[in-house]
Structure formats: structure tokens, C-alpha cells
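Residue-level structure breakdown
Here are the chains, one letter per residue:
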Amino acid sequence: MSAATVDTLVDDETSALSMVSIAAHDYQLQMQAYALAVRLLLPSLTDSTMVNVTLHFLEPNIEFRLPEKLMKPKACSDALDAAMAEIVSSLQPEHFPAKPSSHCRMCSFLGICKAGREYVVQGQ
Ligand code: SF4
């Protein structure tokens, strides 16, 4: 295998991991909400019982888990409380800035979202 091919593979892998990391960050709160929901559905779990939530990306085939400290019951409930407080205290559209990323290509709102369209056009 030539060095250029190895570099290309490394670049592709680094890019894929970077994209997975960004996507996983977007799902952090959802993963914490799922962990709390499991605890509510299974009251026999103690606070010291570790609940894992796994994001499994099919292409590339990568699994992602949040660090253990973010999956503890208090961390999950604090994150949800903070998100709820942010939502209820945000009244204007400018409080919800668009966060364009690769997921814009699959977004149902792309047709009406200027930021998403600009991102997709720039990425071509
Ligand atoms: S197109 Fe707009 S609304 Fe959709 S994910 Fe992108 S930034 Fe968000």
C-alpha cells in the first residue's frame, strides 16, 4: 500500500470519527434521557447500577457511549433540568440558533432553513 493511500485512509477515518463525535454530541441529552427513563421503568436499579446507552452508527460502523460520569443518575437529571430551564426561559427565535452540520442534508426543514441550505451549498 502506498503512503498516499495510507494517508487517505487515515484522513477518512479521522473525518468519520470527527463526524461521529459531532453527531454523538447532538444526541448526548437524548441518551441521558433514555438512561433516566430506563431507571424509571426499572426501579430495582440502584444509583450505583451503571446504565449504558449506545449510539451505533452503521456507516461507518462505530459505536459511541458517553463517559460513565455523564450517565450517572444525578448527571442525567441535572442535564435534563438545565435543558428544560433553558427551553422555558427562551422566548425568541434568536434563543434557538440554527446549528448547521452534516445532518442538514437529511433534515426535513432544509427547504425553509436558510442556515442549513447555506451549509449544504458550501459543502458541495
Ligand atoms: S437544515 Fe436547519 S433546521 Fe435542519 S438540521 Fe440543519 S440547521 Fe437545523
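Up top is the structure.
Remember, it's a predicted structure, so these values are computed and weren't measured experimentally.

Structural notes on the pairing of strand β1 (residues 54–57)
Of the two faces of β1, the one lined by Leu55 and Phe57 is fully buried and the one lined by Thr54 and His56 carries no buried residue. Both β1 and strand β2 (residues 62–65) contribute to a ladder of four bridges, which runs antiparallel. By the bridge assignment for β2, His56 is matched with Glu63. Counted along the chain from β1 to the antiparallel partner β2, the turn is four residues long.

Overview of the nonpolar core
Counting residues in each nonpolar core, the largest one holds twelve residues, listed as Val20, Ala24, Met31, Ala35, Val51, Val53, Leu55, Phe57, Ile62, Leu66, Met71 and Cys76. For Ala24, the contacting residues outside a window of four places in its chain are Leu55, Phe57 and Phe64.

Some words on a nonpolar patch on the surface
Where nonpolar side chains cluster on the molecular surface, the patch consists of Met84, Ile87, Val88 and Phe96 and spans about 430 Å² of accessible area. Among the residues examined, Val88 registers a relative accessible area of 60% and is labelled exposed.

Focus on the pattern of salt bridges
Under the definition given, this model contains two salt bridges. The shortest N-O distance in the salt bridge between Glu63 and Arg65 comes to 3.5 Å. Its relative accessible area of 46% is what places Glu63 among the partly exposed residues. Note on Arg65: relative accessible area 46%, which makes it partly exposed. Across the pair Asp78 and Lys74 runs a salt bridge, and its minimum N-O distance is 2.9 Å. Of the two residues, Asp78 and Lys74 both sit in helix α3 (residues 73–88), four residues apart, roughly one turn of that helix. What makes Asp78 partly exposed here is its relative accessible area of 36%. By relative accessible area, which is 57% here, Lys74 ends up exposed.

Definitions and limits used
Residues numbered from 1 in each chain as written. Predicted model: local features only at pLDDT ≥ 70, side-chain atom pairs only at ≥ 80, totals over all residues. Heavy atoms only, no water. Buried < 20%, exposed > 50% of the residue type's maximum accessible area, 1.4 Å probe, protein only. Helix = DSSP H or I, 4+ residues; strand = E, 2+ residues; numbered from the N terminus. Pairing = 2+ DSSP bridges. Core = buried A, V, L, I, M, F, W, Y, C linked by side-chain atoms within 4.5 Å. Contact = heavy atoms within 4.5 Å. Patch = residues over 30% accessible without salt bridge, like charges linked within 9 Å, V, L, I, M, F, W, Y side chains within 5 Å. Areas by Shrake-Rupley, 256 points an atom, 1.4 Å probe, with all protein chains shown as cover. Salt bridge = Lys/Arg side-chain N within 4 Å of Asp/Glu carboxyl O.

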